[in-house]
Amino acid sequence: MPDKFLLPHTVTIENRNSMSVSGVVQVMVYDEFHIILQTDYGQLIIQGRNLVAGEISSSSNTLKLTGDIESLQYKAKRDKSQGIFSKLLK
């Protein structure tokens, strides 16, 4: 049985200058060059120029942003069972 319900996560980009991200749990970093979001599926790192985050909808956990979007990168959610001690004990 899963520990918790995972929020649905989608990313929609329009013309590389408008973006909508659903399933946002937390905005971790925000400036005009980077926005780092936490989702149930790991961190989403958005890089660009003149990035402006709009409001986040608490009902749908959706963030809308504008700016010159240059790249998206996901950092995988770290599996706690794969920590350093479990690797050493194998």
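This write-up is about the structure you can find in this document. (Residues numbered from 1 in each chain as written. Predicted model: local features only at pLDDT ≥ 70, side-chain atom pairs only at ≥ 80, totals over all residues. Heavy atoms only, no water.)

Considerations on the pairing of strand β4 (residues 34-39)
Counting buried positions along β4 gives five out of six residues, so the element sits mostly inside the fold. Two strands pair when backbone bridges link them, and β4 and strand β5 (residues 42-57) are joined in this way by six bridges, in the antiparallel orientation. Looking at β5, one finds that isoleucine 36 is bridged to isoleucine 45. Between β4 and β5, which follow one another and run antiparallel, lie two residues. (Buried < 20%, exposed > 50% of the residue type's maximum accessible area, 1.4 Å probe, protein only. Helix = DSSP H or I, 4+ residues; strand = E, 2+ residues; numbered from the N terminus. Pairing = 2+ DSSP bridges.)

A word on the sheet that holds strand β2 (residues 18-21)
With antiparallel pairing, the six strands of this open sheet are ordered in space as β1-β2-β6-β5-β4-β3. Both outer strands of the open sheet, β1 (11-14) and β3 (24-30), are each paired with one neighbouring strand and no more. Recorded for the sheet is a direction-independent mean angle of 40° between the axes of neighbouring strands. In this sheet, strand β6 (residues 62-76) lies alongside β5 in antiparallel orientation, the contact comprising 12 bridges. Bridging from a neighbouring strand, serine 57 pairs with threonine 62 of β6. (Axes fitted to C-alpha atoms, helices over the stretch in contact; angles between N-to-C directions.)

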